[in-house]
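A closer look at the structure
So the chains spell out like this:
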Amino acid sequence: MLFADRASAIAPGFSVTEQNQQTVIELCRRLDGLPLAVELAAGLMRALTTEQILRRLDDQHLLMTEDHRGSKLRHQTLRAAMDWSYQLCSKPEQILWARLAIFAGSFDLSAAEKICGDDKLPRDALLKALIGLVGKSILTRENDNSGGRYRILEAVRQYGHEKLLERRDDQMQNRRHRDYYLNLAERFDAQFFGPDEAAWLRRMETEHANQRKAMEFCFHEPGEARSGLKIAGTLWYYWLTRGALQEGWHWLNQGLAMDSHPSRERARALWVAGSLVMHQGEISRALTLLEESRSIAREIGDQSAAAHATYLSGAAEAYRDHSPRALVLLEEGVALEQDLNEPNACHALAAQHTLAWACLVSGDVERADALQNDCAKRCEALGDRALWSSALIFLGLVEWLRGHTRLAETQVRDVVRAKQDVHDFLGFRYAFEVLAWIAVTDGDGQRAARLFGASEQLWRPMGKFLGAFGAYERWHVQAKEQARRMLGDEAFHAALQQGARLSLGEAARYACGEQSRPNAWRDATAEAQVLTGREVAAARQRASLPSVLPALPAIAAAARFRYRSEHVGGDWYDAIRLSAGRVALVIGHVQSRGLDRAVVTGRLRTAVTTLSRLEPPPDEMLVHLADVVSHILTDIDGIDGCELRVTCLYAVYDPTTGTLLLASAGHPPPAILHPAASDVHFAEVPTGPPLGGGQPVPYKNVEFRLPDGSLLLLYTGGLIGPEPDLPRLADALARATATTSPPVRDPDSSPADHAQEEATWLGGVCEGLFEYLAFSGEPEQDEKDNAAVLAIRNRRLSEQAVAAWHLPFAPESAGQGRDHIRAQLASWGHDEMISTTELVVSELIGNCIRHARSIGANGQLNLRLVLSDVLTCEVSDGSEAVPHIRHPALLDESGRGLQLVAAMTERWGARYTADGKTIWTEQAL
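Everything in this summary refers to the structure shown in the same document. (Residues numbered from 1 in each chain as written. Predicted model: local features only at pLDDT ≥ 70, side-chain atom pairs only at ≥ 80, totals over all residues. Heavy atoms only, no water.)

Turning our attention to the overall build of the protein chain. Within the protein chain one finds 37 helices and 19 strands. Of all 925 residues assigned to the protein chain, the portion counted as buried reaches 55%. Contacts in the protein chain between residues at least 24 apart in sequence constitute 70% of all its contacts with a sequence separation of at least 6. On the protein chain, roughly 40,200 Å² of surface is accessible, and the fraction owed to carbon and sulfur atoms is 50%. (Helix = DSSP H or I, 4+ residues; strand = E, 2+ residues; numbered from the N terminus. Buried < 20%, exposed > 50% of the residue type's maximum accessible area, 1.4 Å probe, protein only. Contact = heavy atoms within 4.5 Å. Areas by Shrake-Rupley, 256 points an atom, 1.4 Å probe, with all protein chains shown as cover.)

The following block contains the structure:
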């Protein structure tokens, strides 16, 4: 390398190393590889480091202004060569050379004519001068699809910039350059939607260096900030489709800070900034920006900005699962967009596309399907490919949810083919994601993991992955976890890395089934391996576990499983949402001979999930599970050698009281670490016989308080061995929690983000346990048992989030209940829910008075509201009658109660207590 040779001669001991290699490469690139410039740069190594030389290259070109009087003649010739070339140019060529220095990167003839031409350099003279500069190698011509562009070498450009400053022509040229590229951005914004989209995006990619240069001028020149803000806002579609979310936010943030006066430019910049940060997962900041945009738009009468900011606010609310609020804003935004009737229908169709997403997430699949089909047809009629293909991703997702995986895969593969024309990185990211989910459904964990890797590699430069609304992120987590369980940790991460190494073209071909073994993993041997019996058994065991634990307001949870042998026990665990924020926790172990443990654990887990809907207390749940085990044994009666023994622990955590109620069927006791304590202790739980050990016997509940922020550890016997060593487990848990503290809630972060941080911390605790207990998960000669761990950190609801009233068992209680509801919801700031909740409470109390009986000697019934991530309404009475929806006769008004309640709420149900029953409903906030 020329630079290395010259630099080592001047600075003995210098060499190109891994540490400075990238700096040297960038230095040579900035010097355009000109041998003379590289030699002169190497000469500066007497006094400067390579990093210092690189930082100073823009300082009036260090190599051309440095005094080299003591050096050889050739080290004084770069400036002389430039001067000599300049003197050989005609007067128009000299003027054009100086003016062309205003460009960054390449430019076309049209830009040169409009920016550099004037009375001193009319069009014909400019063209002749440009041809002359090409002939003198001052300019180089590059061929492209548009017919040709020109580029000026960096050293030559900086010399020309000196001449531009000498002519005092730089301010005028900067403004003409700014105006040209602002106009180009506006034309792009007006014309990209339709059949020319791919051509426009290619052009904007080519011109992006000049767009940056224009914005740099605006944000460094006094009085020009608004123009820079206008360019940055007008390029919104470029930022999104090219995945340049962080760069777009960088420019917009600069402009918003410099120009704070209400204007059309600021209103636009705010909704664009809101859209960019929303796609990076910063929902609170996005809503703040969008609300300011709406406020300014209303103030100055900018109907376009108001419409865009409104539907984007609805999208942001949908991202964080605020479905009712999202639907209201999106409906309003769609109406406003339609009223605008803009020639560019992009925003109107984007708003409809987003409304369809929100409908899908809220459960209205049919309306979502209809809206998206209409959107796809209108996009196709207008010749648009990007939004049309995004609509197809959505329709493919709908078919996947319906179980039509082949139709879904066909549609999404068509999307990938279509998006290759426009290089829509955001669209590719979602398409690869949905195809990964389909692969999981088909049981192809390898393909799913590779597609996840390709998808996440595209997302990395954009910032935090959020997905398309909260439900999308949940589907992502569930599918990814299921793929991990199918393959095991090591194989899953290997496949994930294979996908991440794919180029965009390779990933697209692989997603479409056109390239089964891309170059990125052609040498891998994993595909050729045949699964062993142990691997098959491990995959079946993992498939019987939950793909992902649910995100619940009352707990953060993480679980881990280690597989050692197909000849020993099977494990299962789960966390199940109950009413009023309560959570059911279960963990169990199946020990059998002659049975497929994965099948048994799957049946038991299904039984728990089904029975939990009735919300029985833990002791009753274990009795029911004992019956299930008896039925399993009956199913296999007559097969020799079949034995079945199941241990299980079932618990219910109530965040309104902070209590944990649990019962055990021969299972090890849970470990508890209180937030203010350093010692681990084990709950004293009366242990009944294992399930399947004989005739069912009554189990016993135990209840105790669990301080807010406690760590509760449930585990199977394989973790502690056949001779339980609880002190060793306590020591391992203490060590696993001592190295890292639980995350502290950031006031600016969302509850969902904090819950994810807690779950990540708990996952690390589980991994630490296995490490400290030397539980490798590798096969061993003595066939040690498999092990599962479920770690929980509880969150108690504040007293202000629970309101309860005792009401007389009389008809007037319905009115009193409505009064309580009205006042309480107003104090919570949920006035929009008053009318619906009043009607729900009125119907439930009416049913109690009509069909139930009073509680206690005072003849009372109970009403309670619980505010968490949903609004729970409970009415309790002393009856054990089963509530059900009746079909009323023509004149029978009394049958409508629960029918109305079911129609107006998200969920409803009943649970039984020692005193009677409680009917509960849930409404989304």
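This part is about the packing of helix α19 (residues 303–319) against helix α21 (residues 346–361). A pair of packed helices can be characterised by two numbers: the angle between their axes and the separation between those axes. Between α19 and α21, the shortest axis-to-axis distance is 10 Å and the interhelical angle comes to 20 degrees. With respect to their mutual orientation, α19 and α21 come out roughly parallel. The two elements α19 and α21 meet at a crossing, and its hand is left-handed. Residues H308, Y311, A315 and A318 of α19 form the contact with α21, whose participating residues are H347, A350, A351, T354 and A358. Among the residues forming the contact of α19 with α21, the class breakdown is 6 nonpolar, 3 polar and no charged. (Axes fitted to C-alpha atoms, helices over the stretch in contact; angles between N-to-C directions. Parallel < 35°, antiparallel > 145°, perpendicular 65-115°, else oblique. Left-handed = near helix turned anticlockwise from the far one by under 90°. Nonpolar A, V, L, I, M, F, W, Y, C, P; charged D, E, K, R; others polar.)

Attention now moves to helix α22 (residues 365–382). The first and last C-alpha atoms of α22 sit 26 Å apart over 18 residues, in line with the 26 Å expected at 1.5 Å per residue. Taken as a whole, α22 has its buried residues at A368, D369, L371, Q372, C375, A376 and C379. End-on, the buried residues of α22 take up no more than an arc of 170 degrees, which puts them together on one face. Across from the buried face of α22, at angles greater than 90 degrees, the exposed residues are E366, K377 and A381. At its buried positions, α22 is contacted by α21 and α23 (386–401). At the exit of α22 stands G383, carrying a positive phi of roughly 85 degrees. (Expected span 1.5 Å × (residues − 1). Arc of directions from axis to C-beta.)

Moving on, we come to the side chain of S313. When you line up the elements, S313 lands in helix α19. Within the structure, S313 has its side chain in polar contact with the backbone oxygen of A309 (distance 2.7 Å). Discounting residues that sit within four places of it in the chain, S313 has contacts with L287, L290, R294 and L329. (Polar contact = N/O pair within 3.5 Å; in protein donor to acceptor, adjacent residues only side chain to side chain.)

This part covers the packing of helix α13 (residues 208–220) against helix α16 (residues 245–258). Where α13 contacts α16, the axes come no closer than 11 Å and their chain directions differ by 20 degrees. Judged by the inter-axis angle, α13 sits roughly parallel to α16. Along this stretch, α13 crosses α16, giving a crossing that reads as left-handed. Between α13 and α16, the contacting residues are H208, R212, M215, E216 and F219 on the first element and E247, W251, Q254, G255 and M258 on the second. In the contact of α13 with α16, the residues fall into 4 nonpolar, 3 polar and 3 charged.

A few words now on the side chain of S293. By the element assignment, S293 lies in helix α18 (residues 283–300). Judged by its relative accessible area of 0%, S293 is buried. Not counting residues within four places of it along the chain, the set of residues in contact with S293 comprises A267, L270, W271, A305 and A309.

Here the focus is the sheet that holds strand β13 (residues 711–715). An order of β4-β14-β13-β9-β10 is seen for the 5 strands of this open sheet, with the pairing classed as antiparallel. A strand with exactly one partner marks an edge of an open sheet, and here the two such strands are β4 (555–562) and β10 (681–682). In terms of strand pairing, β4 meets strand β14 (residues 787–794) through 8 bridges, oriented antiparallel. Bridged to A558 within β14 is A791. On top of the sheet, helix α33 (residues 726–738) reaches β9 (671–673), β10 and β13; it is set at about 135 degrees to β13, its chief contact. (Pairing = 2+ DSSP bridges.)

Mapped onto the elements, K700 comes out in the loop between β11 (687–688) and β12 (702–705). On the accessibility criterion, K700 (56% relative accessible area) is exposed. Sequence spacing of K700 and A665 is 35 residues, and the spatial spacing of their C-alpha atoms is 9.4 Å.

This brings us to the sheet that holds strand β18 (residues 907–913). Judged by pairing direction, the sheet is antiparallel, and its 5 strands sit side by side in the order β15-β16-β17-β19-β18 without closing on themselves. Edge positions in the sheet fall to β15 (802–808) and β18, since each of these pairs with one other strand and no more. Neighbour-to-neighbour, the strand axes of the sheet open up by a mean angle of 20 degrees, direction not taken into account. Direction of pairing for β18 relative to strand β19 (residues 916–924): antiparallel, over a ladder of 7 bridges. The partner of W908 across the bridge, within β19, is T921.

Once that is clear, we can look at the pattern of salt bridges. All told, the structure shown has 43 salt bridges when counted by the stated rule. Among the ionic pairs, D189 bridges to R268, the shortest N-O distance being 3.2 Å. Of this pair, D189 sits in helix α11 (residues 170–191) while R268 sits in helix α17 (residues 264–279), and the two are 79 residues apart along the sequence. For D189, a relative accessible area of 14% corresponds to the buried category. Relative accessible area serves as the criterion here: at 24%, R268 is assigned to the partly exposed category. For the salt bridge of E874 with R911, the shortest nitrogen-to-oxygen distance reads 2.9 Å. Placement of E874 in strand β17 (residues 870–877) and of R911 in strand β18 is noted, with a sequence separation of 37 residues between them. (Salt bridge = Lys/Arg side-chain N within 4 Å of Asp/Glu carboxyl O.)

As enumerated under the stated definition, the model contains 17 aromatic pairs in all. For the ring pair W236 and W271, a centre distance of 5.7 Å and an interplane angle of 65 degrees mean the geometry is edge-to-face. Taken together, the positions of W236 in helix α15 (residues 236–241) and W271 in helix α17 put the pair 35 residues apart, joining distant regions of the chain. Classification of W271 by relative accessible area gives buried; the value is 3%. (Phe/Tyr/Trp six-rings, centres within 6.5 Å; stacked < 30°, edge-to-face > 60°.)

The sheet contact formed by strand β1 (residues 106–107) and strand β3 (residues 149–152) spans 2 bridges and is antiparallel. The residue bridging F107 from the neighbouring strand is Y150, located in β3. Where strand β2 (residues 139–142) and β3 come together, 4 bridges link them in antiparallel fashion. The residue of β3 that forms the bridge with R141 is Y150.

Here the focus is unusual backbone geometry. One non-glycine residue, R168, adopts positive backbone phi at about 55 degrees. Tracing the chain through its elements places R168 in the loop between α10 (154–166) and α11. Despite not being glycine, E615 has its phi angle at roughly 55 degrees, a positive value. Relative to the assigned elements, E615 resides in the loop between α31 (597–612) and α32 (618–635). On the basis of relative accessible area, E615 is assigned to the buried category, the value being 6%.

Now for α33. Helix length check: α33 (13 residues) gives 18 Å between terminal C-alpha atoms against 18 Å at 1.5 Å per residue, within 8%. Within α33, burial applies to L729, A730, A732, L733, A736 and T737. Seen end-on, α33 carries its buried residues on one side only, within an arc spanning 165 degrees. Along α33, the residues that are exposed and aim more than 90 degrees away from the buried face are P727 and A738.

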